[in-house]
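Next come the chains, spelled out residue by residue.
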Amino acid sequence: MEYPVAVALSETADELPVGPGWWYEPAFEGERLVVHRSARAVRCQSRSGRTVTTAWPDLAAAARAALPAGTVLDGEAVVWRGGRLDLAAARARAAAAPRGAVALAAERPASYAVSDCLALGGEDLRGRPYAERRAVLLDLLHDVPPPLQPVPATDDPEVAGVWLEGLAAQGVDGVVAKRACDPYRAGRIWVTVRGGARGSVEVEVVGYVGPPSRPHRAAVRLPDGSRALSQALTAPAAAELARHVRDAGPGRRARTAGGERYTTTAGGMFAEIALAAARDGGFTVVRLR
C-alpha cells in the first residue's frame, strides 16, 4: 500500500442517518493517526499525511509488538485523563519535539482507538465493504491489550442515540455513521453528528492572515464554496494552524470574495465553525482538526 494513505473523512449533519445498512461508532476526540506496520518498522501518519512516528513512541512500540507485518490501521490517538478524553493533551503530544516526546508519553500515555483495518498481511482491504473490514479488525485485535483497541460499533440507531447524548461527559465528540457496504476511500464518505455542537459544520482551511509563525485569523472554504475569514483565533488554534502552515510550505497571496487578503496554505486541515455565525459573517473557529 502506498504511503501516505489518503484518509476518509466525514461531513457534518444535525441528525443521525437511519435505515438498513447504517453502522455507528463513537467519535473519539484526539489526533487522527494511520499506523503502518512493515516487516522492519512502524510508521505513524497524520491526517494530512505527515510522518509523526516520533510524537507517538508508546503507540509505535505497541504496534510493533502486537501487529503482524503488512498491517495498516486507521484511528485516533487519544489521551484519557480523569476518566475523560483530553484533546489538549493529545494535541500537546502531537506537537511534541522528538527530544521531549518520550518524556511526554510517560506523563500522558496515549491510547489508539482503531476504527478501520486498511491492510492485513500486505493485502489492501480498502476495496472491501466496511462490514468486512470491521470483522477483520475485531479478529486482529481480539487478544491485543491496550493501548490498541477497536472502537465500539453498532447498527442500532437507538444505541447510537444513547452514545450521542450520554458519552459527552467522557469527552466523546459525537457519533460517526458509516454504510456497511461502503469501501474505504479518500473524501467525505461518512457522516458525523456532534453531541455538543449541533448546528456546526466542518470546513476546509485554505489560508491564514498574519505571520506564518502565529496566524491571527483562518481563511476557510464555506459550504457554498465561498472563502471567508474567521474572527481572531485562540492561542491554541493559532499554534495548531502555524504547525500546519510550517509543514505545508510557502503559500501565495489571495483574496476572499469580499476583497480581504490572506495567504493560502495546502489542504489537509479543517475547522469546525457554527453555521449561524458563518451565515452572519465573522464566525468563530470552534476547533481545528
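Please refer to the structure higher up on the page.
Engineer: Account for helix H6 (residues 235-248), naming residues and giving values.
Structural biologist: Between its first and last C-alpha, H6 extends 20 Å over 14 residues, near the 20 Å set by a 1.5 Å rise per residue. Those residues of H6 that sit buried are Ala237, Ala238, Glu240, Leu241, Ala242, Arg243, His244 and Val245. Where H6 ends, the next residue or the one after it, Gly249, has phi of about 90 degrees, a positive value.

Engineer: Which residues make up the sheet that holds strand S1 (residues 8-12), and what values do they have?
Structural biologist: Spatially, S1-S12-S11-S2 is the arrangement adopted by the four strands of the open sheet, whose pairing is mixed. Every interior strand has two partners, whereas the edge strands, S1 and strand S2 (22-26), have only one. Each neighbouring strand pair of the sheet contributes to a mean axis angle of 40 degrees, computed without reference to strand direction. Bridge count between S2 and strand S11 (residues 174-179): five bridges; the pairing is antiparallel. Across the sheet, Tyr24 pairs through a bridge with Ala177, a residue of S11. Strands in contact with helix H5 (residues 157-166) are S2, S11 and strand S12 (187-194); relative to S2, the strand with the most contacts, it is inclined by about 25 degrees.

Engineer: Before we move on, could you go through the pattern of salt bridges and cite the residues and values that matter?
Structural biologist: When their charged atoms lie close together, side chains carrying opposite charge are able to pair. Taken as a whole and judged by the stated rule, the model has 15 salt bridges. In this structure, the salt-bridge partner of Arg32 is Asp74, at a minimum N-O distance of 2.7 Å. One end of the pair, Arg32, is in strand S3 (residues 31-37); the other, Asp74, is in strand S5 (residues 71-78), and 42 residues separate them in sequence. Neither Arg32 nor Asp74 differs from the other in exposure class; each is buried. Between Arg243 and Glu240 there is a salt bridge, with its nearest N and O atoms 3.0 Å apart. Of this pair, Arg243 and Glu240 both sit in helix H6, three residues apart, which is roughly one turn of the helix. Of the two residues, Arg243 and Glu240, both sit in the buried class. Taken together, the salt bridges that share partners define one network made up of Glu2, Asp124 and Arg126.

Engineer: Just give me the short version of the environment of Val52, but keep the residues and values in it.
Structural biologist: Along the polypeptide, Val52 turns up in the loop between strand S4 (42-45) and helix H1 (57-66). Classification of Val52 by relative accessible area gives buried; the value is 8%. In the structure, Val52 is positioned 130 residues away from Asp182 in sequence and 28 Å away in space, judged by C-alpha atoms. Those residues in contact with Val52 that lie beyond four places of it in its chain are Leu33, Cys44, Gln45 and Ser46.

Engineer: Outline the packing of aromatic side chains, listing residues and values.
Structural biologist: Under the definition given, this model contains three aromatic pairs. Both rings, one in Phe28 and one in Trp80, keep their centres 6.4 Å apart while their planes meet at 75 degrees; by these two values the pair is edge-to-face. With Phe28 in the loop between S2 and S3 and Trp80 in strand S6 (residues 80-81), this pair connects stretches of sequence that are 52 residues apart. Exposure remark for Phe28: the relative accessible area of 18% places this residue in the buried category. With 6.1 Å between their ring centres and 70 degrees between their planes, Tyr184 and Trp190 make a pair best called edge-to-face. A cation over an aromatic ring shows up here: Arg43 above the ring of Tyr3, its NZ or CZ 3.6 Å from the ring centre. A cation sits over an aromatic face here: Lys178 above Trp190, 3.9 Å from the ring centre.

The rules behind the values
Residues numbered from 1 in each chain as written. Predicted model: local features only at pLDDT ≥ 70, side-chain atom pairs only at ≥ 80, totals over all residues. Heavy atoms only, no water. Helix = DSSP H or I, 4+ residues; strand = E, 2+ residues; numbered from the N terminus. Expected span 1.5 Å × (residues − 1). Buried < 20%, exposed > 50% of the residue type's maximum accessible area, 1.4 Å probe, protein only. Pairing = 2+ DSSP bridges. Axes fitted to C-alpha atoms, helices over the stretch in contact; angles between N-to-C directions. Contact = heavy atoms within 4.5 Å. Salt bridge = Lys/Arg side-chain N within 4 Å of Asp/Glu carboxyl O. Phe/Tyr/Trp six-rings, centres within 6.5 Å; stacked < 30°, edge-to-face > 60°. Lys NZ or Arg CZ within 6 Å of the ring centre and 35° of its normal.

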